[in-house]
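Fold and contact review
Okay, here's what each chain looks like letter by letter:
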Amino acid sequence: MDFAPITILNLDDTYPSQKRLLTLPHRWIDMSDIRSTNMIADPFSVKAIQSRLSRWEGPSVVFLGSGNYHYITYLLLKKITVPFTLVLFDRHTDLGQKEDDYLSCGSWVSFALKIPFCQKVLIIGPPKNVRTPKLSVFSADQAILNKKFLREIAGRDIYISIDKDVLSETCAVTNWDQGELTLDELLAFLEALFAEKRVIGMDVCGEYPKASISPCDPLVMRATKINEKANLQIARHYLQYMRKNRKMV
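Residues numbered from 1 in each chain as written. Predicted model: local features only at pLDDT ≥ 70, side-chain atom pairs only at ≥ 80, totals over all residues. Heavy atoms only, no water.

1. A look at the environment of Gly-65
Cut-off, in case you're wondering: Secondary structure elements follow DSSP: runs of H or I of four or more residues count as helices, runs of E of two or more count as strands, with numbering from the N terminus. Contacts are assigned to residue pairs that have any heavy atoms within 4.5 Å of one another.
As for its placement among the helices and strands, Gly-65 is situated in strand 3 (residues 61–65). Sequence-wise, Gly-65 and Val-204 are 139 residues apart; in three dimensions their C-alpha atoms are separated by 7.8 Å. Ignoring sequence-local partners within four residues, the contact set of Gly-65 consists of Asp-12, Thr-14, Tyr-15, Val-204, Cys-205, Gly-206 and Glu-207.

2. Considerations on the pairing of strand 3
For clarity, the threshold we go by: Buried means the residue's accessible area, taken with a 1.4 Å probe over protein chains only, is under 20% of the maximum for its type, while exposed means over 50%, and partly exposed covers the values in between. A pair of strands is treated as paired once DSSP finds two or more bridges between them.
Most of strand 3 sits out of view: five of its five residues are buried. Two elements, strand 1 (residues 6–10) and strand 3, share three bridges in a ladder whose sense is parallel. Within the sheet, the bridge partner assigned to Thr-7 lies in strand 3 and is Val-62. In this sheet, strand 9 (residues 198–205) lies alongside strand 3 in parallel orientation, the contact comprising four bridges. Looking across to strand 9, one finds that Val-61 is bridged to Met-202.

3. Points about the nonpolar core
Stated precisely, the cut-off is as follows: Nonpolar core, defined: a set of buried Ala, Val, Leu, Ile, Met, Phe, Trp, Tyr and Cys residues in which side-chain atoms within 4.5 Å join the residues together.
Counting residues in hydrophobic clusters, the biggest one holds 43 residues, and the most contacted among them are Phe-89 and Ile-160. If one sorts the elements of this core by residue count, helix 7 (residues 218–245) sits on top with eight residues. Not counting chain neighbours up to four residues away, the residues in contact with Ile-160 comprise Val-87, Phe-89, Leu-190, Leu-193, Phe-194, Val-199, Gly-201, Met-202 and Asp-203. One finds Leu-11, Ile-49, Trp-56 and Leu-75 within the second-largest nonpolar core, a separate group that totals 37 residues.

4. Digging into the packing of aromatic side chains
Note the threshold: For Phe, Tyr and Trp, rings pair up if their centres lie within 6.5 Å, where Trp contributes its six-membered ring, and each pair is then called stacked (planes under 30 degrees apart), edge-to-face (over 60) or tilted (otherwise).
Under the definition given, this model contains seven aromatic pairs. Their ring planes at 75° and their centres at 6.0 Å tell us that Tyr-15 and Phe-63 sit as a pair that is edge-to-face. Here the residue Tyr-15 occupies a position in the loop between strand 1 and helix 1 (19–22), and Phe-63 occupies one in strand 3, the gap between them amounting to 48 residues. The exposure classification of Tyr-15 matches that of Phe-63, with both residues buried. Measuring from ring centre to ring centre gives 5.3 Å for Phe-149 and Phe-189, while their planes differ by 80°; the resulting arrangement is edge-to-face. With a gap of 40 residues between them, Phe-149 in the loop between helix 5 (140–145) and strand 8 (157–163) and Phe-189 in helix 6 (residues 183–196) connect regions that are remote in the sequence. On the basis of relative accessible area, Phe-149 is assigned to the buried category, the value being 1%. Every member of this aromatic cluster is reached through a ring pair, and the members are Phe-89, Phe-149 and Phe-189.

5. Section: a nonpolar patch on the surface
So the rule is basically this: For patch building, the residue pool is restricted to those with more than 30% relative accessible area and no salt bridge; the joining distance is 9 Å between like charges and 5 Å between nonpolar side chains (Val, Leu, Ile, Met, Phe, Trp, Tyr). The Shrake-Rupley method, run with a 1.4 Å probe sphere, supplies the accessible areas, and residue values consider only the shown protein chains as cover. The salt bridge criterion pairs a side-chain nitrogen of Lys or Arg with a carboxyl oxygen of Asp or Glu, the two atoms within 4 Å.
A cluster of nonpolar residues, Met-39, Ile-40, Tyr-102 and Trp-176, forms a patch on the protein surface that exposes about 350 Å² of accessible area. With respect to the secondary-structure elements, Ile-40 resides in the loop between strand 2 (27–30) and helix 2 (43–52).

6. Describing the sheet that holds strand 9
Short version of the rule: Axis definition: a line fitted to C-alpha atoms, over the contacting stretch in the case of helices. Angles run 0 to 180 degrees between N-to-C directions.
In space, the nine strands of this open sheet follow the order 2-1-3-9-8-4-5-7-6, with mixed pairing throughout. With one partner strand each, in any of the chains shown, strand 2 and strand 6 (130–131) form the two edges of the open sheet. Relative to strand 5 (residues 118–124), strand 4 (residues 84–89) is paired through six bridges, and the arrangement is parallel. Note that in strand 5 the partner of Phe-89 across the bridge is Ile-124. Sitting on the sheet, helix 6 is in contact with strand 4, strand 5, strand 8 and strand 9, with an inclination near 170° to strand 8.

7. Description of the pattern of salt bridges
A full pass over the atoms with the stated rule returns eight salt bridges. The partner of Asp-33 in a salt bridge is Arg-52, with the nearest N and O atoms 2.9 Å apart. Pair noted here: Asp-33 is in the loop between strand 2 and helix 2 and Arg-52 is in helix 2, with a separation of 19 residues, a long-range link. Assessed through its relative accessible area of 18%, Arg-52 is described here as buried. With its nearest N and O atoms 2.7 Å apart, the salt bridge here joins Arg-198 to Asp-157. In this pair, Arg-198 is assigned in strand 9 and Asp-157 in strand 8, connecting sequence segments 41 residues apart. The structure contains a network of salt bridges with shared partners spanning Lys-120, Arg-131 and Glu-152.

By themselves, these observations are geometric and do not establish any function.
Structural data, given as structure tokens:
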């Protein structure tokens, strides 16, 4: 199978209207026919998704759709067979509640913490800072001011996951409450990570769900344009990293 530096998972039909993104070299994996995938992962749906993910070949960047499907990051992390740190950019911790025993977009990080190869989770973007032996959470402001966040990463290999709800509403349009990070600040974080660590995988979510329902609505078209700009910038930065460090594309 030829390596594709970008993989697009079509779960919610939010990418067909992003024409410029689709001009980049990519592998398209259609999952739109799998039922019961929105927000909460039905066990039968998870099996179907995992079967389709067998076509994914890391370390490509994977576009997941809206934040409702962020739990797929956990399924991608389970495929990794070397020790790694998850670096997550997200307005929310996605740790769920203690009583949660199901995989969802709001609880998947608690599942990721239990993966044997996951040495640590570093989250940048929630409003409150948290420090435990295996989890470090920095607000965006604290991460910008304190470059020592890089020291929180265990080992050399990292997996980066980005929910665009970490960005301000001028830089992304999502269906969740959003942070204040600018796109330039996010890209600066990526550059710092690219310079210091080896990226073994990456994904992006946070599309606007209405893009699949009424793509020609002026407000939706504006949201798509803003989100596509962010996606293109993130993808191009990752492609540059791959060309420089991996020589795989």
